Amino acid sequence: SMSGCAFSPDCSMVVTGTAVKKGHGTPQLHVFSTRTYEPLARVDVDGASVVPILWHPKLNQILLGNQVPGDYS
């Protein structure tokens, strides 16, 4: 029901994550050009749905948050 996104430090790209139901696929990061809207990259991510995303302006690294599937009881 929600998704995160972040812009690259120079605003030439935007990254967003996908949401998946537990056991129904692999979450991914999708990177798009802000000039052409063309997809630039797609990266599989371990764990569950990707929601919080930060593209660090000085390190030029993408940080994301998700929950690793497992038994948390």
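Everything numeric in this text was worked out from a predicted model, so none of it was measured.

**Comments concerning the pairing of strand β3 (residues 28-33)**
Counting buried residues along β3, five of its six residues qualify, which places the element largely inside the surrounding structure. Sheet analysis places strand β2 (residues 13-17) next to β3, joined by five bridges and oriented antiparallel. Among the inter-strand pairings, valine 15 is bridged to a residue of β3, identified as valine 31. Direction of pairing for β3 relative to strand β4 (residues 39-44): antiparallel, over a ladder of five bridges. Looking at β4, one finds that glutamine 28 is bridged to aspartate 44.

**So, the environment of isoleucine 62**
Mapped onto the elements, isoleucine 62 comes out in strand β6 (residues 62-64). Residues isoleucine 62 and serine 8, spaced 54 residues apart in sequence, show a C-alpha to C-alpha distance of 8.8 Å.

**Examining the nonpolar core**
Counting eight residues, the largest nonpolar core consists of Ala6, Val15, Leu29, Val31, Val45, Val50, Ile53 and Trp55. Breaking this core down by element, the ones donating at least two residues are β3 and β5 (53-55). When near neighbours in sequence (up to four residues on either side) are disregarded, tryptophan 55 contacts Ala6, Phe7, Ser8, Pro9, Met13, Val15, Asn60, Gln61 and Ile62.

**A closer look at the environment of asparagine 66**
Secondary-structure assignment places asparagine 66 in the segment after β6. Sequence separation of asparagine 66 and glycine 17 is 49 residues, and the distance between their C-alpha atoms is 9.9 Å. If near-sequence neighbours (up to four positions away) are discounted, asparagine 66 is found in contact with Val45, Asp46, Gly47, Ala48, Ser49 and Val50. A distance of 2.7 Å separates the side chain of asparagine 66 from the backbone oxygen of aspartate 46, its partner in a polar contact.

**Here we look at the sheet that holds β2**
Reading across the sheet, the four strands line up as β1-β2-β3-β4 and stay open at both edges, with antiparallel pairing between neighbours. Either end of the sheet is taken by a strand with one partner, and the two such strands are β1 (5-7) and β4. The average angle at which neighbouring strand axes cross in this sheet is 15°, direction not considered.

**Topic: unusual backbone geometry**
Of note, tyrosine 37 is a non-glycine position whose phi angle comes to about 65°, a positive value. With respect to the helices and strands, tyrosine 37 occurs in the loop between β3 and β4. Among the residues examined, tyrosine 37 registers a relative accessible area of 66% and is labelled exposed.

Here is what the cut-offs are and how they apply
- Residues numbered from 1 in each chain as written.
- Predicted model: local features only at pLDDT ≥ 70, side-chain atom pairs only at ≥ 80, totals over all residues.
- Heavy atoms only, no water.
- Buried < 20%, exposed > 50% of the residue type's maximum accessible area, 1.4 Å probe, protein only.
- Helix = DSSP H or I, 4+ residues; strand = E, 2+ residues; numbered from the N terminus.
- Pairing = 2+ DSSP bridges.
- Core = buried A, V, L, I, M, F, W, Y, C linked by side-chain atoms within 4.5 Å.
- Contact = heavy atoms within 4.5 Å.
- Polar contact = N/O pair within 3.5 Å; in protein donor to acceptor, adjacent residues only side chain to side chain.
- Axes fitted to C-alpha atoms, helices over the stretch in contact; angles between N-to-C directions.

Coordinates in, geometry out; function isn't part of it.
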